[in-house]
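Architecture and fold: a report
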Amino acid sequence: MLDALGLAPDEERVYRALIGRPAATALLLAELLALTPAHVDKALSRLVDWGLASRSAEDRFTAAPPAMALGALIGRRRDGLRTAEQALVALAEEHRAAMTGSSITDLIEIVTGVDAIRHRFLQVQQAARTQVRTFITAPFVALPPDENTAEPVALERGVLFRAVLDREVLAEPGIVRDAVDSLRNGVRLRVADHVPMKLVLADADLGLVPLAVTPAGEPGAVLLHRSGLLDALDALFETVWHTARPLELSTGEGGTDAVTEAGPQGPTELDRRILGLLLAGVTDLTAAAQLGLSPRTLHRRLRHLMDLAGVRTRMQLGAHAVRNGWTEPAES
């Protein structure tokens with residue numbers, strides 16, 4: 001469990017044994033854990049260096065309080081990750097600058113083979129900082145959705161996931177269960193009668209497009225860096241997203257979660273009044289008060305409208321609302 005902090009398995013075992021046995025000797029720990037004295041000596045030396053244990057003049061060892069020692073270790077790891085994230089931003093900008101004016105061979109990478117495609121598929125998601133967008137079609141060549149280990153990790157760090165499923169995918173074994181789990185975790189899902197291709201986009205920087213199999217029978221894919229072609233795929237995704245129908249969680253038989261497809265919908269009369277007030281420059285609190293709503297309810301309605309419009313910011317929502325007549329009274 002502590003391997004995430006850099007502790008080897010033997011070091012963690014020794015530290016755990018020390019917690020309940022203050023002033024223990026290396027020999028006692030070796031007998032207790034069925035380890036060689038050399039392994040225990042090495043683990044104790046590391047624990048002392050890291051401040052997780054102290055050594056007395058009589059060669060007895062005592063574990064440092066976990067809340068203090070492990071807390072400090074976690075803090076150092078967080079500082080290191082923040083530094084790494086800052087370096088990532090700087091390196092990404094350098095890479096983007098270097099790619100400007102690059103030849104076509106620098107912007108496109110051919111990936112061949114199931115393992116290579118799987119590796120790139122996970123890498124693209126790991127590289128995302130704000131959002132991942134995917135088209136999901138059958139059959140699954142490299143990685144079924146329920147084996148996508150990069151998705152939950154990216155969700156934990158705040159990356160937004162949006163996916164459009166080809167309707168035929170819903171008939172695949174286990175897909176509905178996986179869709180329920182994804183919706184619970186905050187993934188936004190929509191379904192379309194026809195999805196034009198398989199696709200995964202990371203922000204506006206990377207795109208992976210699986211292709212037909214090679215003459216040798218291996219699947220192939222293209223990894224795209226920022227370019228006009230990637231911009232076109234970005235626009236394609238948004239077009240399909242806007243016309244696809246949202247998938248939502250519902251309560252099925254026996255009280256279990258199920259997935260239902262939302263029908264055609266638009267803003268309610270209340271939504272139109274909210275949009276009208278906010279576009280007029282009224283603050284959230286004032287708009288909520290005028291409409292007799294709590295601020296939380298108003299924010300929830302705005303979040304729903306952003307999902308409905310397929311946008312991420314209020315500015316984009318305002319533009320979409322004006323363009324589509326959402327601020328006008330509904331026809332009776």
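Summary of the structure given here. The structure presented is a predicted model; accordingly, all values stated were derived computationally and were not measured. (Residues numbered from 1 in each chain as written. Predicted model: local features only at pLDDT ≥ 70, side-chain atom pairs only at ≥ 80, totals over all residues. Heavy atoms only, no water.)

Turning to the overall build of the protein, a few remarks are in order. Per the secondary structure count, the protein includes 13 helices and 12 strands. Looking at the protein residue by residue over its 332 residues, the buried ones come to 39%. Look at the contacts in the protein between residues 6 or more apart in sequence, and 66% of them connect residues 24 or more apart. (Helix = DSSP H or I, 4+ residues; strand = E, 2+ residues; numbered from the N terminus. Buried < 20%, exposed > 50% of the residue type's maximum accessible area, 1.4 Å probe, protein only. Contact = heavy atoms within 4.5 Å.)

Considering all chains together, one arrives at two aromatic pairs under this definition. Ring centres of F135 and F237 lie 5.2 Å apart, and the angle between their planes is 25°; this geometry places the pair in the stacked category. Of this pair, F135 sits in strand 5 (residues 131-136) while F237 is found in helix 9 (residues 228-243), placing the two residues 102 residues apart along the sequence. By the burial criterion, F135 is buried, and F237 matches it. Seen from their ring centres, F237 and W241 are 6.0 Å apart, and the 20° between their planes marks the pair as stacked. Of this pair, F237 and W241 both sit in helix 9, four residues apart, which is roughly one turn of that helix. Take W241: its relative accessible area is 2%, and that puts it in the buried class. Among the aromatic side chains, those forming a connected cluster through ring pairs are F135, F237 and W241. One Lys or Arg, R162, reaches over the ring of W241 and ends 4.9 Å from the middle of that ring. (Phe/Tyr/Trp six-rings, centres within 6.5 Å; stacked < 30°, edge-to-face > 60°. Lys NZ or Arg CZ within 6 Å of the ring centre and 35° of its normal.)

Our focus in this paragraph is empty space enclosed by the protein. Under the defined criterion, the tally for this structure stands at one cavity of 30 Å³ or more. Considering only enclosed or pocket space, the largest cavity measures out at about 40 Å³ in volume. Lining the largest cavity, in full, are R133, L201, A202, D203, A204, D205, L206, L230, D231 and D234. Contributions of two or more residues to the lining of the largest cavity are made by strand 8 (199-202) and helix 9. The element that contributes the greatest number of residues to the lining of the largest cavity is helix 9, accounting for three residues. Counted by class, the lining of the largest cavity contains five nonpolar, no polar and five charged residues. (1 Å grid on protein atoms, 1.4 Å probe; cavity = no way out; pocket = protein on both sides within 12 Å on 5 of 7 lines; lining within 4 Å. Points joined across faces, edges and corners; volume = space filled by probe spheres on them. Nonpolar A, V, L, I, M, F, W, Y, C, P; charged D, E, K, R; others polar.)

This part is about the nonpolar core. Grouped together as the largest cluster of nonpolar side chains are 30 residues, with contacts concentrated most on V124, F161, L165, L189 and L208. Broken down by element, this core gets its largest block of residues, four residues, from helix 6 (residues 114-127). When residues no more than four places from it in sequence are discounted, the contact partners of V124 are V200, A202, L206, L208 and L223. Among the nonpolar cores identified, the runner-up in size contains 19 residues, and Y15, A43, L52 and A53 belong to it. (Core = buried A, V, L, I, M, F, W, Y, C linked by side-chain atoms within 4.5 Å.)

What follows is about the sheet that holds strand 3 (residues 60-63). The sheet built from three strands is open, its strands ordered 1-3-2 with antiparallel pairing. At either end of the open sheet lies a strand with only one pairing partner, and these are strand 1 (24-25) and strand 2 (53-55). Looking at chain direction, strand 2 and strand 3 are connected through three bridges and run antiparallel. The residue of strand 3 that forms the bridge with A53 is A63. (Pairing = 2+ DSSP bridges.)

Below, the discussion takes up the pairing of strand 3. Residues F61 and A63 point to one face of strand 3 and are all buried, whereas R60 and T62, pointing to the other face, are not buried. The pairing of strand 1 with strand 3 spans two bridges and is classified as antiparallel. Across the sheet, the residue bridging to T25 is R60, located in strand 3.

Attention now moves to the layout of surface pockets. A volume near 620 Å³ is recorded for the largest pocket. Along the wall of the largest pocket there are 34 residues; nearest its centre are F121, I136, L143, P145 and N148. Of all elements in the fold, only helix 6, strand 5, helix 7 (150-156), strand 6 (160-166), helix 8 (175-184), strand 8 and strand 9 (206-211) reach the threshold of two or more residues within the lining of the largest pocket. In terms of residue count, the dominant contributor to the lining of the largest pocket is helix 8 (five residues).

Time to look at the pattern of salt bridges. This structure, assessed with the given rule, holds 13 salt bridges. Linking D234 and R133 is a salt bridge whose minimum nitrogen-to-oxygen distance equals 2.8 Å. Note that D234 is positioned in helix 9 and R133 in strand 5, a separation of 101 residues in sequence. On the basis of relative accessible area, D234 is assigned to the partly exposed category, the value being 24%. Here R133 falls in the buried class, since its relative accessible area comes to 2%. (Salt bridge = Lys/Arg side-chain N within 4 Å of Asp/Glu carboxyl O.)

Here we take up the packing of helix 10 (residues 269-279) against helix 12 (residues 295-309). The geometry of helix 10 relative to helix 12 is characterised by a closest axis approach of 11 Å and an angle of 95° between their N-to-C directions. Here helix 10 is positioned roughly perpendicular relative to helix 12, judged by the angle of their axes. Contact with helix 10, carried on its side by D271, I274, L275 and L278, involves L298, R301, L302, H304 and L305 of helix 12 and no other residues of that element. (Axes fitted to C-alpha atoms, helices over the stretch in contact; angles between N-to-C directions. Parallel < 35°, antiparallel > 145°, perpendicular 65-115°, else oblique.)

Where helix 12 contacts helix 13 (residues 314-323), the axes come no closer than 10 Å and their chain directions differ by 65°. Classified by the angle between their axes, helix 12 and helix 13 sit roughly perpendicular to one another. Pair helix 12 / helix 13 crosses with left-handed handedness. Along its contact with helix 12, which presents H299, L302, L305, M306 and A309, the element helix 13 presents R314, L317 and H320. Partitioning the contact of helix 12 with helix 13 into residue classes produces five nonpolar, two polar and one charged. (Left-handed = near helix turned anticlockwise from the far one by under 90°.)

Treat this as a map of the structure, not an account of what it does.
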